[in-house]
Amino acid sequence: MQSSCNRTLVLISSLFIGHNLVKAQQENDFIELDILHFGEISRDIGSTCTMGVDGNITGDCDASSPNLTLGRVLIENLPKNSEFFLTVSGSSSTELTFLASGQIIAASATTPFSDNEQIQIRSRGNNNTAELIVGGEISVEQTLANGQSYNTSYTISIDIQ
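Reading the values: rules and limits
Sequence positions are assigned chain by chain, starting from 1 and proceeding in written order. Under the rules for a predicted model, residues below a pLDDT of 70 receive no local features and side-chain atom pairs below 80 are neither given nor counted, while totals for whole chains, interfaces and linings still include all residues. Remark: hydrogens and water are excluded; side-chain values derive from all non-hydrogen atoms of the structure. pLDDT gives the predictor's per-residue confidence on a scale running from 0 to 100. For this analysis, residues touch if any pair of their heavy atoms sits within 4.5 Å. A pair of sulfur atoms, both from cysteines and within 2.5 Å, is called a disulfide here. Helix numbering and strand numbering both begin at the N terminus, where a helix is a DSSP run of H or I of at least 4 residues and a strand a DSSP run of E of at least 2. Exposure classes here rest on a 1.4 Å probe applied to the protein chains alone. A residue is buried below 20% of its type maximum, exposed above 50%, and partly exposed in between. Strand pairing requires that DSSP identify at least two bridges connecting the strands. Between N-to-C directions, angles cover 0 to 180 degrees, with each direction set by a line fitted to C-alpha atoms, over the stretch in contact for helices. One speaks of a salt bridge when a side-chain nitrogen belonging to Lys or Arg is within 4 Å of a carboxyl oxygen belonging to Asp or Glu. The rule is short: rings of Phe, Tyr and Trp, with Trp giving its six-membered ring, pair when the centres are within 6.5 Å, and they are stacked under 30 degrees, edge-to-face over 60, tilted in between.

With that settled, consider the confidence of the model for the protein chain. Confidence in the prediction of the protein chain, expressed as mean pLDDT, is 83, and 81% of residues score 70 or more. Per-residue pLDDT stays below 50 along residues 8-14; that stretch engages in zero contacts with residues further than four places along the chain or on separate chains.

Here it is as structure tokens:
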């Protein structure tokens, strides 16, 4: 006797392909509104000038110089409603050492900073800009040439969390 067995194999399968979307974070834009300028400093080794965030200058600089200017930098395209860390670092050359200090204005809050100090800032709402006011201290490390102009720099770094 022959027996016949029919089996039906049913495969149930479902497949879903999800889509992922990511947007590359926009680079921060740094716009230098005003160049930091200490005016004129004494040429002698050890001479020091300090410029506060109010623009007042003390030390071995000519406080009556018409060239005195605080540095101002606008930082744009910060992520909205985000925390970030900002560090401003001065520089040194054979002739000069510059230590940056100042304040950052972001989300209606003003936060002071010192050279190489990492400060935590939070952007709020749609305000994705911040303004950096830079002053600091400049010191003469090597006798300067009479009437010669010298440059130093500062670096702004931002770490977004």
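So that's the structure; there's more coming.
This part covers the state of the cysteines. Counted according to the given criterion, the structure contains one disulfide. The disulfide bridge from Cys49 ends at Cys61, spanning 1.7 Å between sulfur atoms. The S-S bond linking Cys49 to Cys61 shows a torsion near 115 degrees; that makes this disulfide right-handed. Of this pair, Cys49 sits in strand S2 (residues 48-51) while Cys61 sits in the loop between strand S3 (57-59) and strand S4 (71-76); the two residues are twelve residues apart in sequence, bridging distant segments of the chain. Under the relative-accessibility criterion, Cys49 is labelled buried at 0%. Cys61 gets classed as buried once you look at its relative accessible area, which sits at 13%.

The antiparallel open sheet is built from three strands, whose spatial order is S9-S5-S11. The open sheet terminates on both sides in strands that have one partner only, identified here as strand S9 (119-122) and strand S11 (155-160). On average, each strand axis in the sheet is tilted by 30 degrees relative to the strand beside it, whichever way the strands run.

According to the stated counting rule, one finds two salt bridges in the structure shown. Of the charged contacts in the structure, one is a salt bridge between Arg72 and Glu131, with a shortest N-O distance of 2.7 Å. Here Arg72, found in strand S4, pairs with Glu131, found in strand S10 (residues 130-140); they are 59 residues apart in sequence, far enough to count as distant. Three or more residues joined by partner-sharing salt bridges are found here, namely Asp34, Arg72 and Glu131.

Turning to its location among the elements, Gly90 is positioned in the loop between strand S5 (83-89) and strand S6 (91-92). For Gly90, a relative accessible area of 24% translates into the label partly exposed. Placed 66 residues apart in sequence, Gly90 and Ile156 show a C-alpha to C-alpha distance of 9.1 Å. Ignoring sequence-local partners within four residues, the contact set of Gly90 consists of Phe98, Ala100, Asp115, Ser153 and Tyr154.

Before going further, it helps to spend a moment on the packing of aromatic side chains. Two numbers describe a pair of aromatic rings. These are the distance of the centres and the angle of the planes. Taken as a whole, this structure holds two aromatic pairs when the rule is applied. Consider the rings of Phe38 and Phe98, whose centres lie 6.0 Å apart with planes at 70 degrees: the pair is edge-to-face. In this pair, Phe38 sits in the loop between strand S1 (29-34) and S2 while Phe98 sits in strand S7 (residues 96-106), placing the two residues 60 residues apart along the sequence. Phe98 shares its class with Phe38; the two are buried. Ring centres of Phe98 and Tyr154 lie 6.3 Å apart, and the angle between their planes is 50 degrees; on these two criteria the pair is classed as tilted. Here Tyr154 lies in the loop between S10 and S11 and Phe98 lies in strand S7, a separation of 56 residues in the sequence. As far as burial versus exposure is concerned, Phe98 and Tyr154 are alike and both buried. By way of ring pairs, the aromatic residues Phe38, Phe98 and Tyr154 are connected into one cluster.

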